[in-house]
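Residue-level listing of the chains:
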Amino acid sequence: MSDIVIETDRLLLRRIAEGDAELQYRLLNSPVLMEHLGGPKELHEIEAKHANSMALFARHGFGWMMMMEKATGDCVGHCGMKLVDNDLARNPGDHEIGWIVREDRWRRGYALEAVAALIDWAFARHDVPHVVAMTGERNEPSWRLMERLGMQRREDLDFDDPAYPPEDRRTILYAMSAEHWQEKQE
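Residues numbered from 1 in each chain as written. Predicted model: local features only at pLDDT ≥ 70, side-chain atom pairs only at ≥ 80, totals over all residues. Heavy atoms only, no water.

Draft legend 1. Quick look at the pairing of strand β6 (residues 130–136). A large share of β6 lies buried, amounting to six of its seven residues. Direction of pairing for strand β5 (residues 95–101) relative to β6: parallel, over a ladder of three bridges. Looking at β6, one finds that E96 is bridged to V132. With helix α3 (residues 110–126) bridging β5 and the parallel β6, this β-α-β connection has right-handed handedness. Sheet topology note: the β6/strand β9 (residues 170–177) ladder contains seven bridges and is antiparallel. For G136, the partnering residue across the bridge sits in β9 and is T171. (Buried < 20%, exposed > 50% of the residue type's maximum accessible area, 1.4 Å probe, protein only. Helix = DSSP H or I, 4+ residues; strand = E, 2+ residues; numbered from the N terminus. Pairing = 2+ DSSP bridges. Right-handed = clockwise from strand over helix to strand, strands pointing away.)

Spelled out as structure tokens, the structure:
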């Protein structure tokens, strides 16, 4: 197995490795999962994202990771951190976290478990000043998770992205500062 970066009670978060694009294509690319992310992707698009993530890890020590279920060894999702790179975003270069969980593993708390550990890793290991998370305004499960994690809504950073269908163009942001994270640790 590739390098394990973060371990939680039920999950191993490991660096993306060669061949993981096919795994993601099969398990994490359904119309339901990708509804708020612009729809299912072609394999070559996922391969390009994985190559970018591997380069980001090599350069900065962070990127996207595969979420592996300890009990079964199955890939149940992916999550990670990257630098905001959307040309329309009002906060380029901020540390952005994100995640996706397989449909058959929804409502088991995997996203909460993985992303809470990811936030701890971002602040403790990488000493970032703050993290942000973006989602479509209609993607209530994602922004509710952001709220459960203690992230704060940042309406001043919202933007419309014409790359998405009209109903999903409004991109909303949540953020957590290092100070807020530290207060939660005490």
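Draft legend 2. The side chain of S30, seen in detail. Residue placement: S30 occurs in the loop between α1 (20–27) and α2 (43–60). For S30, the residues in contact, after removing those within four places along its chain, are P40 and E103. (Contact = heavy atoms within 4.5 Å.)

Draft legend 3. Here's a closer look at the pattern of salt bridges. Applying the stated criterion to the full structure yields 18 salt bridges. Between R14 and D20 there is a salt bridge whose closest N-O contact spans 2.7 Å. Here R14 falls in the buried class, since its relative accessible area comes to 7%. When the shortest N-O distance is used, the salt bridge between E147 and R144 registers 3.2 Å. Of this pair, E147 and R144 are both found in helix α4 (residues 140–148), three residues apart, which corresponds to roughly one turn of the helix. Taking the relative accessible area as the measure of exposure, E147 reaches 34% and is therefore partly exposed. On the accessibility criterion, R144 (40% relative accessible area) is partly exposed. (Salt bridge = Lys/Arg side-chain N within 4 Å of Asp/Glu carboxyl O.)

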